[in-house]
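# Inside the fold
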Amino acid sequence: QVQPVESGGGLVEPGGSLRLSCKASGFTLANVNIGWFRQAPGKEREAVACLSRRDDATFYVNSVKGRFAISRDNAEDTVYLQMNNLEPEDTGVYYCIVDRDHPTIQAMCLNIARLGPRSGSWGQGTRVTVSS
């Protein structure tokens, strides 16, 4: 499948920070909408943050607002998720997913969380563990 690849996860103490990276595989990330999703053991997957390709509009789930930031570096063709003030509840496998345009970036984010990626595969993801 043509999909991005995630990296940057690891073990962090509560209050710490991580920066996840999402790199293109067979396409240019600057030309697509992109989002970060996560799934904790025993819990449903959820949308974390999404970024529009057209106007850089963003969506964040309420639990990460003010702590996480999604951004794009066109020169490196890389999308990042900066995660600050991490909490144990942030633990999970994080996935980077791309998709076509939707009426709003929020709609895209929530639709992918509900229906899954258009490619049919979530990929490998990168694991984030927040623990003392």
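Structural data are supplied above this passage.
Just so it is clear, the model here is predicted, and its values are computed rather than measured.

This part covers the nonpolar core. Among the nonpolar cores identified, the biggest contains 26 residues, and Ile34, Trp36, Ile70, Leu81, Met83 and Tyr94 are the most heavily contacted of them. Elements that contribute at least two residues to this core include exactly β3 (18-23), β4 (33-39), β5 (46-51), β7 (68-73), β8 (78-83), β9 (92-99) and β10 (126-130). Once residues within four sequence positions are removed from consideration, Tyr94 is found in contact with Glu6, Leu20, Trp36, Phe37, Arg38, Val48, Phe68, Leu81, Met83, Gly125, Thr126 and Val128. Among the nonpolar cores identified, the runner-up in size contains 13 residues, and Ala47, Cys50, Cys109 and Ile112 belong to it.

The next point concerns the environment of Ser71. Along the chain, the position of Ser71 falls in strand β7. Remark: the alpha-carbon pair of Ser71 and Thr58, spanning 13 residues in sequence, is separated by 9.2 Å. Ignoring anything within four residues of it in the chain, the contact list for Ser71 reads Arg19, Leu51, Thr78, Val79 and Tyr80.

Reading the values: the criteria
Residues numbered from 1 in each chain as written. Predicted model: local features only at pLDDT ≥ 70, side-chain atom pairs only at ≥ 80, totals over all residues. Heavy atoms only, no water. Core = buried A, V, L, I, M, F, W, Y, C linked by side-chain atoms within 4.5 Å. Buried < 20%, exposed > 50% of the residue type's maximum accessible area, 1.4 Å probe, protein only. Helix = DSSP H or I, 4+ residues; strand = E, 2+ residues; numbered from the N terminus. Contact = heavy atoms within 4.5 Å.

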